[in-house]
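Chain by chain, the residues:
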Amino acid sequence: MGLLSGYVIYSLSFLLIYIALATILHLQFSITGIVNFGLVGFWGLGMYLFALLQTKLALPFLPALILACALVGMTALLLGRVILNLDGQAILVGTLAFATIIEYLTTTEKWATNGVMGLGTIKMPFDFGRSTDQVFFLLILLCLVLLILYTAKLKTSPYGRLLLSIKDNEVLAQSLGKPTFRHKIIFFTFTCILIGFFGALSAPLYNYIFPRMIGPGVTFTIWIALMLGGRTRLLGGMIGIVATVGLFDYFIETVVPIPTQYAEMVPNFKFALYGLMLILILMFRPLGILGDKKKEGVK
Amino acid sequence: MTLSTFLSSTLVLGLLEAAPLVLAAIGFTLIYRLNGFTNVAYAENITLGAYFAVIFNSLLGWNFYASIIPAALLSGLLSVVTYLVIFRPSFRRGVGKTELIILSVGVSYFIRYGSRILFGNDLFNFNFSSTSYLKVFGIGVTNIQLICIGLVAVISIGIYFFIYKTNYGEKMRALADNEELAMISGINPTKVSLLIWFIAGSSAGLAGLFYGSFSFVSSSLGWNMILIVIMVSVVGGVGSIRGALVASAFVGIVTSAVNLLSSNSLYGDIVLLIIFIGILKVRKVRV
């Protein structure tokens, strides 16, 4: 396993987490039409809650994970009740505000999170000596595969069709007797729990977590990736993440030799290029690299 | 601290805080009213307004007040360029509302990090020839802050009159309400749209340079303001200049009150965001 050791496996684990987040965003946006600009809020909340439960209350891995997910779910339910029956742009602003509140709270509540000093050390759930990282990578891979299978199944299931009908014409779905608001809240809560779950899984990877890790940049990177890959397609998120985060954070920063005096400029070029790619994609190929497949979804 | 000094500090500091926000919110709400989407890239218009002023003031050595005019014109121009190159073609291609917002995020990233490549990660300060300290209701303020407030007041009243009392303003409102009807009435949509984007861009630029004159100019200046700007416009009522004015003053006063009570300035923002989410819910605004 020489190739898959140390930094390589660490970067690949994060790539998988990002792919999972992009897939969940695809679930929220393409199936129910919810524009979640607060993705990083739920991710960061899951991450911080898990870390707090593990470091401050000394809970073992699984109880901490479950409790963190439950708390994220309760938060999502509360936020969903407040904003989900407003129109699209209010949901967007509301979720963005939520994520900002979470980021600020992790900075201000020093008694719990140590503020900008960072919270740690967060332990791995198991110890297999030198191959612990590889096993954890496989665990994340397994969760991602399950998520993708679920997403694929949902699109053709009756429940998926119901959610699609809410997205396409909520008033029509209501007139057929479907409690659309309730379904939206339940699905939003469920998908936010998934985001929090992957947040909790990120905590042991990071080892130490800081408020600046959960800035709005994460949300927008994943949105850009999803748009780039193809928001209507199951694998759009994966393709987009590989073409953005994979290319820059993994390939360019680890493989391409960059002189140290230019190293601090790399993120600037990266984000400027992300922006440019997003502009070009939305103007010239709005459905992303993968484009549209007629059979996909319910017409 | 007695109650009366607390109240007067809150009021004075709050209005100082609110002054640039008023300009930013007015420009934002104009674009929102005309084109009906949340233009996140507006944040970069705010930032670049401050950078343009820095170029004239710090790098070319102009007087601060003289550099306001070219900075406002250039940021208006930038706004028009983003409209012509990116947003207008996108409207014509029928890009959806949500996609437009995400597109504007892309524009924002491109401009922000592009300008960081040009200007570096450094912070910039303005050169003021003379700064004197004055007392207003017992609160220390600088003459520059007072002049900024005065200018903000003059400019907002100017924009208000332009939109509600002039022929062009009427055309602008007509176009925002019903584009087809406006076109049938002989209003040239391109000309009016260009004008709105120019005014919005200029007021964003002015907001940025005034905001920067209170502290410093960095590439994330506009980005740090944009969420509050969007919230102020949404809560104040889309297209409503009076609403933007009231909501901005409210933001300033709440922020300075919380700042006086707690050591961490982030609490002010947290309180505001929670109040705003609540207002979104109560008013059920159709943003």
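Residues numbered from 1 in each chain as written. Chains lettered and ligands numbered in written order. Predicted model: local features only at pLDDT ≥ 70, side-chain atom pairs only at ≥ 80, totals over all residues.

*Asks:* Describe the overall build of chain B, listing the residues and the values that go with them.
*Replies:* Along its length, chain B carries 11 helices and 2 strands. Taken against the 2.2 N^0.38 rule, which gives 19 Å for 287 residues, the C-alpha radius of gyration of chain B at 19 Å falls within 12% of a compact globule. Buried residues in chain B amount to 48% of all 287 residues. (Helix = DSSP H or I, 4+ residues; strand = E, 2+ residues; numbered from the N terminus. Rg over C-alpha atoms; globule rule 2.2 N^0.38 Å. Buried ≥ 20, exposed ≤ 12 C-beta atoms within 10 Å, placed from the backbone.)

*Asks:* Describe the overall build of chain A, naming the residues involved and giving the relevant values.
*Replies:* In terms of helices and strands, chain A carries 12 helices and 0 strands. The N-to-C order of helical and strand elements in chain A reads α-α-α-α-α-α-α-α-α-α-α-α. By the compact-globule yardstick of 19 Å for 299 residues, chain A fits well, its C-alpha radius of gyration being 19 Å. Dimensions along the principal axes, computed over C-alpha positions, put chain A at roughly 55 × 45 × 35 Å.

*Asks:* Outline the packing of helix H2 (residues 42-59) of chain B against helix H4 (residues 97-119) of chain B, supporting the account with residue identities and numerical values.
*Replies:* All names here are of chain B. The geometry of H2 relative to H4 is characterised by a closest axis approach of 9 Å and an angle of 25° between their N-to-C directions. Viewed along their axes, H2 and H4 adopt a mutual orientation that is roughly parallel. Our pair here, H2 against H4, has a crossing hand that is left-handed. Note on element contacts: H4 touches H2 through Ser-108, Ile-111, Arg-112, Ser-115 and Phe-119, opposite Ala-43, Glu-44, Thr-47, Leu-48 and Tyr-51. Residues belonging to the contact of H2 with H4 are distributed by class as follows: 5 nonpolar, 3 polar and 2 charged. (Axes fitted to C-alpha atoms, helices over the stretch in contact; angles between N-to-C directions. Parallel < 35°, antiparallel > 145°, perpendicular 65-115°, else oblique. Left-handed = near helix turned anticlockwise from the far one by under 90°. Contact = placed C-beta atoms within 7 Å. Nonpolar A, V, L, I, M, F, W, Y, C, P; charged D, E, K, R; others polar.)

*Asks:* Any chance you could break down the environment of Ala-43 of chain B for me, citing the residues and the numbers?
*Replies:* Residues and elements named next belong to chain B. Of note, Ala-43 is situated in helix H2. Once the C-alpha coordinates of Ala-43 and Phe-28 are considered, the two residues, 15 residues apart in sequence, prove to be 9.3 Å apart. The contact partners of Ala-43, leaving out residues within four places of it in the chain, are Ser-108, Gly-222, Trp-223, Met-225 and Ile-226.

*Asks:* Could you give an account of the interface of chain B and chain A, naming the residues involved and the relevant values?
*Replies:* By a widely used convention, the size of an interface equals the accessible area lost when the partners come together. In this assembly, 42 residues from chain B lie in contact with 37 residues from chain A. Looking at the side of chain B that touches chain A, the elements with two or more residues in it are helix H3 (64-92), H4, helix H9 (221-236) and helix H11 (266-283) of chain B. A per-element tally of the side of chain B that touches chain A places H4 of chain B first, with 16 residues. Looking at the side of chain B that touches chain A, its residues break down into 26 nonpolar, 8 polar and 8 charged.

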